[in-house]
There are 2 protein chains.
Amino acid sequence: MPVSKTVKLSKISTRAPKDLNKVTIKEEVLPKMYAEIDELQNLLYAENKHSLLIIIQGMDASGKDGLVRDVFSHVNPNGVVVHSFKVPTEQELSHDFLWRIHNKVPPKGMIHVFNRSQYEDVLVTRVHDIVSDELARKRMKAINDFEQLLTEHNNTTVLKFYLHISPEEQMERLQERLTMPSKMWKYNQADLIEAQSWDRYMGYYEEVFTQCNAVPWHIIPSDQNWYKCYLVADKILKTLKSFNMKYPGLKK
Amino acid sequence: MPVSKTVKLSKISTRAPKDLNKVTIKEEVLPKMYAEIDELQNLLYAENKHSLLIIIQGMDASGKDGLVRDVFSHVNPNGVVVHSFKVPTEQELSHDFLWRIHNKVPPKGMIHVFNRSQYEDVLVTRVHDIVSDELARKRMKAINDFEQLLTEHNNTTVLKFYLHISPEEQMERLQERLTMPSKMWKYNQADLIEAQSWDRYMGYYEEVFTQCNAVPWHIIPSDQNWYKCYLVADKILKTLKSFNMKYPGLKK
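Residues numbered from 1 in each chain as written. Chains lettered and ligands numbered in written order. Predicted model: local features only at pLDDT ≥ 70, side-chain atom pairs only at ≥ 80, totals over all residues. Heavy atoms only, no water.

Helix and strand counts for chain A come out as 10 helices and five strands. Relative to its length of 252 residues, chain A is compact, with a C-alpha radius of gyration of 18 Å against a globular reference of 18 Å. The principal-axis extent of the C-alpha atoms belonging to chain A is close to 60 × 45 × 35 Å. A burial count over chain A gives 52% of its 252 residues as buried. Taking the intrachain contacts of chain A between residues at least 6 apart in sequence as the baseline, contacts between residues at least 24 apart amount to 83%. Summed over its atoms, the accessible surface of chain A is roughly 12,400 Å², and 52% of this surface lies on carbon and sulfur atoms. On chain A, the mean spot of the 34 positive side-chain charges and the mean spot of the 32 negative ones are 4 Å from each other. (Helix = DSSP H or I, 4+ residues; strand = E, 2+ residues; numbered from the N terminus. Rg over C-alpha atoms; globule rule 2.2 N^0.38 Å. Buried < 20%, exposed > 50% of the residue type's maximum accessible area, 1.4 Å probe, protein only. Contact = heavy atoms within 4.5 Å. Areas by Shrake-Rupley, 256 points an atom, 1.4 Å probe, with all protein chains shown as cover. Lys, Arg positive; Asp, Glu negative; His and termini not counted. Charge placed at Lys NZ, Arg CZ, Asp CG, Glu CD.)

This is how it looks when you write it as structure tokens:
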């Protein structure tokens, strides 16, 4: 659901409605949706008029990497670029906080996916008391302006997803990293410490949803991967369809 | 086959050997290979010791985009980045010819794919008489040094593929762009003019194969897509296996 006014994350379910059939969605609905997205991506590239920026945010272990893998493994990699924003480098820190972000926005014809984004600069930085409330407000204003620039000046559609998991689900997934050999490399002691700041994170996220709402946020219940992928794919598909694209004819 | 000494492209077949079974390869062998590559990419990312740079060159309509699509659609997009090098921009031209290339090489843990590459600077530029034979030789030396830098100083393995098609196959594919509505956007009159320089291109490619051979080239018969993908996937798979990677344990 797109965010309207104020949001209280703890009141929003992290799970799928009971009447949805997981097997049908995973095995029948999703493959068809992925094929449709792939087809529309080709058209987006050929037509070269629109671009799509997909921003993915969420707590550690909320399934950001998995979402990128599941949804975009089915799309032609020529037309999709994933950018994972990590802790800024020294060079990046010597610029304004949107400099490294602006550098990676999609040109016409392309889909870019941000795995974390400019929003970290008003989330993790606040939890760690690097950024004051006042500075955070200024940054959120700048983010709004920036997203508007992309929308108005390069025909970019911005889709913002928050992967909403419960603290219990997060703890389970972090524990998994301690015991499954193929996941151990993802384990980071710092994640457990971050997890203790759950309530502060939720509060800052809630502020982001209402303050940075020129382009609306979509809160995606994400305790179950199949439902998370279904909601995100559905939104992407509807967005691409709304462009009413067609293949250009021969150049004159 | 990897290139050893001198090469005469017109003597090398552009098709698969007759005794290979297309259906078995397409429907049984390739899906297994793609799944293995996907698994090894995850390991590459987790281990964070090696990186892989895949360079794809070939004439117009030789199937570079299609190769990227077929092979890398099956790999987690978090770990693969495709760079398509087009005609250099003014900013790029104000630097040495390897500047924009160096900027896009893979960091440890990643696979980067170059759809066209530094080799255009000793191919199309020579056909258009922008680069003299002498300058081309200097550039080829610089390319060798550059590839050695990546190999020796960041543990990058470079795989170079030339997609080898016949001039007849190329003409058929270019004609297709004039008649198929979903391909018309790819049509470019300049391609037909370029095609007339076929023999000069072949000559310059042959020089590249022998001069830039510190990292060897692989000539891939590419008139049939399934065979092209099979050969490239096979080489990638063997390369990844040769790294003998394993999942790191917990950080200390």
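And the narrative resumes.
All names here are of chain A. Pairing within the open sheet is parallel, and its five strands lie in the order β2-β3-β1-β4-β5. Where the open sheet ends on each side, the last strands, each with one partner, are β2 (80-84) and β5 (217-221). Averaged over all neighbouring strand pairs, the angle between strand axes comes to 20 degrees, with direction disregarded. Here strand β4 (residues 156-164) pairs with β5 via five bridges, running parallel. The residue bridging Tyr162 from the neighbouring strand is Ile219, located in β5. (Pairing = 2+ DSSP bridges. Axes fitted to C-alpha atoms, helices over the stretch in contact; angles between N-to-C directions.)

We now examine the interface of chain B and chain A. Listed by partner, the interface residues are 30 residues for chain B and 31 residues for chain A. Counting the contacts that link chain B with chain A gives five residue pairs in polar contact (both at pLDDT 80 or more). For the side of chain B that touches chain A, the elements supplying multiple residues, two or more each, are α1 (22-47), α2 (64-72) and α7 (167-179) of chain B. Among the residues forming the side of chain B that touches chain A, the class breakdown is 15 nonpolar, nine polar and six charged. (Polar contact = N/O pair within 3.5 Å; in protein donor to acceptor, adjacent residues only side chain to side chain. Nonpolar A, V, L, I, M, F, W, Y, C, P; charged D, E, K, R; others polar.)

All right, on to the relation of the copies chain B and chain A then. Expressed as a screw operation, the relation of chain B to chain A combines 0.0 Å of axial shift with a rotation of 180 degrees, fitting to an RMSD of 0.0 Å. Read as a symmetry element, the transformation amounts to a two-fold axis. Nearest to the rotation axis, the C-alpha of Ser73 of chain B is located 2.7 Å from it, this being the minimum over chain B. (Least-squares fit on C-alpha atoms with pLDDT ≥ 70 in both.)

Let's shift gears to the pattern of salt bridges. If you walk through the whole model with that rule in mind, you get 36 salt bridges over all chains. Here Asp65 of chain A ties to Lys186 of chain A by a salt bridge, and the two come within 3.3 Å at their closest N and O atoms. Linking Asp65 of chain A in helix α2 (residues 64-72) with Lys186 of chain A in the loop between α7 (167-179) and α8 (189-195), this pair joins segments that are 121 residues apart in sequence. Across the salt bridge formed by Lys141 of chain B and Asp145 of chain B, the nearest N and O atoms sit 2.8 Å from each other. Highlighted residues: Lys141 of chain B and Asp145 of chain B, both in helix α6 (residues 133-154), separated by four residues, approximately one helical turn. Taking relative accessible area as the criterion, Asp145 of chain B reaches 39% and is therefore assigned partly exposed. Because the salt bridges share partners, they merge into one network encompassing Asp60, Arg116 and Glu120 of chain A. (Salt bridge = Lys/Arg side-chain N within 4 Å of Asp/Glu carboxyl O.)

Turning our attention to the pairing of β2 of chain A. Residues and elements named next belong to chain A. Burial analysis of β2 places four of its five residues in the buried class, which makes it a mostly covered element. The pairing of β2 with strand β3 (residues 111-115) spans five bridges and is classified as parallel. In the strand pairing of β3, Val82 is matched with Val113.

On to the packing of α1 of chain B against helix α10 (residues 225-242) of chain B, then. The axes of two packed helices give the description: the angle between them and the distance between them. All names here are of chain B. The N-to-C vectors of α1 and α10 enclose an angle of 30 degrees; their axes lie 9 Å apart at closest approach. For α1 against α10, the interelement crossing comes out left-handed. The residues of α10 that touch α1, namely those facing Lys22, Ile25, Lys26, Val29, Leu30, Met33, Tyr34, Glu36, Ile37, Leu40 and Leu44, are Trp226, Cys229, Tyr230, Ala233, Asp234, Ile236, Leu237, Leu240 and Lys241. Along the lines of polarity and charge, the residues of the contact of α1 with α10 split into 15 nonpolar, no polar and five charged. (Left-handed = near helix turned anticlockwise from the far one by under 90°.)

Further remarks concern the packing of aromatic side chains. All names here are of chain A. In this structure the tally under the stated criterion is 16 aromatic pairs over all chains. Seen in terms of ring centroids, Tyr119 and Trp217 are 4.8 Å apart; in terms of plane orientation they differ by 70 degrees. Their pairing is edge-to-face. Of this pair, Tyr119 sits in the loop between β3 and α5 (124-127) while Trp217 is found in strand β5, placing the two residues 98 residues apart along the sequence. Accessibility expressed as a relative area gives 0% for Trp217, which makes it buried. Site record: aromatic cluster; members linked through ring pairs are Tyr119, Tyr162, Tyr205, Phe209 and Trp217. The cationic tip of Arg139 hangs over the ring face of Phe97; the distance from NZ or CZ to the ring centre is 4.8 Å. (Phe/Tyr/Trp six-rings, centres within 6.5 Å; stacked < 30°, edge-to-face > 60°. Lys NZ or Arg CZ within 6 Å of the ring centre and 35° of its normal.)

Our focus in this paragraph is the sheet that holds strand β1 (residues 51-58) of chain B. Residues and elements named next belong to chain B. Strand order in this open sheet of five strands is β2-β3-β1-β4-β5, and the pairing throughout is parallel. The strands lining the two open edges of the sheet, one partner per strand, are β2 (80-84) and β5 (217-221). On average, each strand axis in the sheet is tilted by 20 degrees relative to the strand beside it, whichever way the strands run. α10 rests against β1, β4 (156-164) and β5 of the sheet, and its axis sits at about 170 degrees to β4.

The subject of this paragraph is empty space enclosed by the protein. Applying the stated criterion across every chain, the model contains one cavity of 30 Å³ or more. Of the voids in this model, the largest cavity is the one considered here, and its volume is about 120 Å³. Elements with a contribution of two residues or more to the lining of the largest cavity: β2 of chain A together with β2 of chain B. For the lining of the largest cavity, the class distribution of residues is 12 nonpolar, two polar and no charged. (1 Å grid on protein atoms, 1.4 Å probe; cavity = no way out; pocket = protein on both sides within 12 Å on 5 of 7 lines; lining within 4 Å. Points joined across faces, edges and corners; volume = space filled by probe spheres on them.)

This paragraph deals with α2 of chain B. Residues and elements named next belong to chain B. Buried within α2 we find Lys64, Leu67, Val68, Val71 and Phe72. The buried side chains of α2 occupy one side of the element, clustering within an arc of 100 degrees when seen end-on. Tucked inside the fold, the buried residues of α2 contact α1, β1, β2, β3 (111-115), β4 and α10. (Arc of directions from axis to C-beta.)

The subject of this paragraph is the pairing of β3 of chain A. All names here are of chain A. Of all five residues in β3, five are buried, a share of seventy percent or more. Alternating residues of β3 divide into Ile111, Val113 and Asn115 and His112 and Phe114, and every residue in both groups is buried. Where strand β1 (residues 51-58) and β3 come together, five bridges link them in parallel fashion. Paired with Leu52 across the two strands is Ile111, which belongs to β3.

Scope: geometric values only; no functional claims are made or implied.
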